[in-house]
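Now for the letters of each chain:
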Amino acid sequence: MQKLIQELLKGSKNAAARLISIVENENDKRAGIVKALKPHTGRAHIVGITGAPGSGKSTLISGLTGLLRAKKKKVGVIAVDPTSPVTGGALLGDRIRMLDHFLDTGVFIRSMAVREGAGGLSKTALPAAAVLDAFGTDVIFIETAGVGQSETAVKGPVHTVVVVLTPNLGDDVQMMKAGIMEIGDVFVINKGDLKNAAGTARELEQMLLLLPSGRKKPSVLVTAASEGKGIDSLLAIIEKVR
Ligand SMILES: Nc1nc2c(ncn2[C@@H]2O[C@H](COP(=O)(O)OP(=O)(O)O)[C@@H](O)[C@H]2O)c(=O)[nH]1
Ligand SMILES: [Mg+2]
């Protein structure tokens, strides 16, 4: 194990992949690895991207990754997929969208299944993020589709939470109820090319006014990820929020 960590610190992508598999699958080894990595972590900016399936999280991450690579930043992506890894439909979709980045040595992409139980996300995605942090990654995106408590529980170690919504909040109201409003630092109305994006942004701003007054006011912006619109503004806000 020590050898694997040495290799990771020297920049071995293979060691990173193996360590992530271990923290993902071997409960008894996870805590030890996280502890051993601790002195080498704390540098990366960990960004949670959460929102309903199909809202455009992966497309946004792909766009953000492109901009970060242009700035020579190392990027990590951990996609926590709600679908079964066996059927893996969404997984494949994510992979295809991220294809541009797959061969790039400065980008590390990993999909993992959701684990049930207390701590959900924090059990596997956050230790995986620690591995990527020690690996020297500058920005780590954790993509989660969901409304569950595990999403709200994740806030702690994640520096910035981006909530992705789409015009007409119908499907997203459940997320609001599940406490997503309270944890978001940045709210994105994606699919800004569709009708009513600006109206939805205003509606959301009204809802955010209801948050406790002591809290820093979250940013709201409209993007059209599939057209590459608003991604640069989103990145600027993410960088500023940290
Ligand atoms: N019209 C429109 N479609 C988009 C936009 N961004 C993403 N999509 C599409 O929405 C679908 C879901 O996107 P994806 O990134 O996989 O969503 P995820 O499930 O949240 O990761 C895909 O077909 C995308 O091409 C956008 O800004 N406008
Ligand atoms: Mg996705």
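In short, a report on the structure. A quick note: this is a predicted structure, and the numbers were derived from the prediction, not measured.

About the cut-offs
- Residues numbered from 1 in each chain as written.
- Chains lettered and ligands numbered in written order.
- Predicted model: local features only at pLDDT ≥ 70, side-chain atom pairs only at ≥ 80, totals over all residues.
- Heavy atoms only, no water.
- Helix = DSSP H or I, 4+ residues; strand = E, 2+ residues; numbered from the N terminus.
- Buried < 20%, exposed > 50% of the residue type's maximum accessible area, 1.4 Å probe, protein only.
- Areas by Shrake-Rupley, 256 points an atom, 1.4 Å probe, with all protein chains shown as cover.
- Core = buried A, V, L, I, M, F, W, Y, C linked by side-chain atoms within 4.5 Å.
- Contact = heavy atoms within 4.5 Å.
- Arc of directions from axis to C-beta.
- Axes fitted to C-alpha atoms, helices over the stretch in contact; angles between N-to-C directions.
- Parallel < 35°, antiparallel > 145°, perpendicular 65-115°, else oblique.
- Nonpolar A, V, L, I, M, F, W, Y, C, P; charged D, E, K, R; others polar.
- Salt bridge = Lys/Arg side-chain N within 4 Å of Asp/Glu carboxyl O.

What follows is about the overall build of the protein chain. The number of helices and strands found in the protein chain is 12 helices and seven strands. Among the 242 residues that make up the protein chain, the fraction classed as buried is 51%. Total accessible area on the protein chain stands at roughly 11,400 Å², and carbon and sulfur atoms take up 56% of it.

So, on to the nonpolar core. The biggest cluster of nonpolar side chains holds 43 residues, and the ones touching the most others in it are Leu8, Ile78, Ile140, Ile142 and Leu204. In terms of residue count, the dominant contributor to this core is helix 7 (residues 120–135) (eight residues). Residues contacting Leu8, with those up to four places away along its chain left out, are Ala15, Ala16, Leu19, Leu37, Val131, Ala134 and Phe135. Core analysis: the second largest hydrophobic core is formed by 22 residues, Val47, Ile109, Val139 and Leu234 among them.

Bringing helix 12 (residues 231–241) into the picture now. Residues of helix 12 that are buried include every one of Ile231, Leu234, Leu235 and Ile238, and no others. Along the axis of helix 12, the buried residues cluster in a sector spanning 100°; they form a single face. Seen from the buried face of helix 12, the exposed residues on the opposite side, beyond 90 degrees, are Asp232 and Lys240. Packed against the buried residues of helix 12 are strand 1 (45–51), helix 4 (57–70), strand 5 (160–165), strand 6 (186–189) and strand 7 (219–222).

Right, let's get into the packing of helix 2 (residues 13–25) against helix 3 (residues 27–37). At a minimum axis distance of 6 Å, the contact between helix 2 and helix 3 shows a crossing angle of 125°. What the angle tells us is that helix 2 and helix 3 run oblique. Note on element contacts: helix 3 touches helix 2 through Asn27, Lys29, Arg30 and Ile33, opposite Leu19, Ile22, Val23, Glu24 and Asn25. Taken together, the residues of the contact of helix 2 with helix 3 break down into four nonpolar, two polar and three charged.

For the structure on display, the rule yields six salt bridges. The partner of Glu26 in a salt bridge is Lys29, and the shortest N-O contact between them spans 2.7 Å. Note on Glu26: relative accessible area 29%, which makes it partly exposed. Put simply, Glu239 and Lys71 hold a salt bridge, and the shortest N to O gap is 3.1 Å. A residue pair is termed long-range when its members are at least 10 positions apart, and Glu239 in helix 12 and Lys71 in the loop between helix 4 and strand 2 (75–81) qualify at 168 residues. For Glu239, a relative accessible area of 36% corresponds to the partly exposed category.

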